[in-house]
Amino acid sequence: MAREIKQWLRFRNSGATGFGTLNSSRISVHEGDMFGRHAATGKTLALSEVELLAPCAPSKIVALWNNFHALAAKLSQPEPPEPLYLLKATTSITTPGAVIRRPSYYDGKTTYEGELGIVIGKTCARVSPAEADNFIFGYTCVNDITANDILTSDPTFPQWARAKGIDDYGPFGPVIATGLDPAKLVVRTILNGAERQNYLISDMIFSAQELVSRISHDMTLLPGDLIAVGTSVGVGVMKEPVNIVTVAIDSIGELTNEFRL
């Protein structure tokens, strides 16, 4: 039997932070803990009444590199025998719809990377792939923005953490969708009205369940932690003074941000 798909979000309204489920353009407000015990309060809010926040507050963001067959082939990179990943600063998180600015000290290339994000729902350590779904709360849209010229500026040390950890370079959302089969999803990225990425999550080298399992053997994953599963072909540089980037995944929605040079 198909699971019911729910879309969870966080918001700010009248100075207070809350969370709930989205139904069309209205929010059913909940109380409690999104990842624990919670219940609907009976109150609803119009989406237009609230300021959307990132849908959770991760203790860490794990970001994958070289996790798609198509991109590995295009880059002539060997497919890795185990997941390759970095940790992205949580201070890179910003809200759906936020305006993101390139740092004043940096005038190099900056790329968008439309990705699927896995959100952990329960404390997770040393689980098997078969057990992983029990620890996955849901899925979200991620734009893993990267300052490329910082990444490669020192020939002795690729600066992954710095290049991807700049303030506001980690938008995700607008919701966390539960009840999805990630293998059936398609990620699309639209830059200034033109589609630049359109790829299948089923092309991943390591599935969502394999990623959770393998990463959980390295480090304990906590409720709200975010795993950005990596990107595929179509990554590109944002060249205009103002760039509108949308990462769209059916059943999750559209994450749109403005990036300014």
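Shown above is the structure to which this text applies.
Note that the structure is predicted; figures quoted are calculated from it, not measured.

Cut-off values and rules
- Residues numbered from 1 in each chain as written.
- Predicted model: local features only at pLDDT ≥ 70, side-chain atom pairs only at ≥ 80, totals over all residues.
- Heavy atoms only, no water.
- Buried < 20%, exposed > 50% of the residue type's maximum accessible area, 1.4 Å probe, protein only.
- Helix = DSSP H or I, 4+ residues; strand = E, 2+ residues; numbered from the N terminus.
- Pairing = 2+ DSSP bridges.
- Disulfide = S-S within 2.5 Å.
- Polar contact = N/O pair within 3.5 Å; in protein donor to acceptor, adjacent residues only side chain to side chain.
- Contact = heavy atoms within 4.5 Å.
- Axes fitted to C-alpha atoms, helices over the stretch in contact; angles between N-to-C directions.

**Student:** Sorry if this is basic, but what is going on with the pairing of strand 18 (residues 242–249) here?
**Tutor:** Within a regular strand, side chains alternate between the sheet's two faces. Taken across its 8 residues, strand 18 has 6 buried, putting it largely inside the fold. Of the pairings in the sheet, the one linking strand 14 (residues 186–191) to strand 18 comprises 5 bridges and is antiparallel in character. Within strand 18, the residue paired with Val-187 across the bridge is Ile-249. Bridge count between strand 18 and strand 19 (residues 253–260): 8 bridges; the pairing is antiparallel.

**Student:** Before we go on, may I ask you to explain the state of the cysteines in this structure?
**Tutor:** Note: disulfide means a covalent bond formed between the sulfur atoms of two cysteine side chains. Under the definition given, this model contains 0 disulfides. In this structure Cys-124 is a free cysteine whose sulfur lies 15 Å from that of Cys-56, the closest cysteine sulfur available. Here Cys-141 stays unpaired: no disulfide links it, and the sulfur of Cys-56, its closest cysteine neighbor, is 13 Å away.

**Student:** How should I be thinking about the side chain of Asp-225 in this particular structure?
**Tutor:** Tracing the sequence through the fold places Asp-225 in the loop between helix 5 (208–218) and strand 16 (226–228). On the accessibility criterion, Asp-225 (0% relative accessible area) is buried. Within the structure, the side chain of Asp-225 is placed 2.8 Å from the side chain of Lys-60, a separation counted as a polar contact. For Asp-225, the side chain forms a polar contact with the main-chain nitrogen of Leu-222, separated by 2.8 Å. Residue contacts for Asp-225: discarding those within four places in its chain leaves Pro-58, Ser-59, Lys-60, Ile-118, Val-119, Ile-120 and Thr-220.

**Student:** Would you explain the sheet that holds strand 19 in this entry?
**Tutor:** Think of a sheet as strands paired side by side through backbone hydrogen bonds, with each pair either parallel or antiparallel. Ordered in space as 8-19-18-14-15, the 5 strands form an open sheet in which the pairing is mixed. On the outer flanks of this sheet lie strand 8 (99–101) and strand 15 (194–200), each paired with one strand and no other. Across the sheet, the mean angle from the axis of one strand to that of its neighbour is 20°, orientation sign disregarded.

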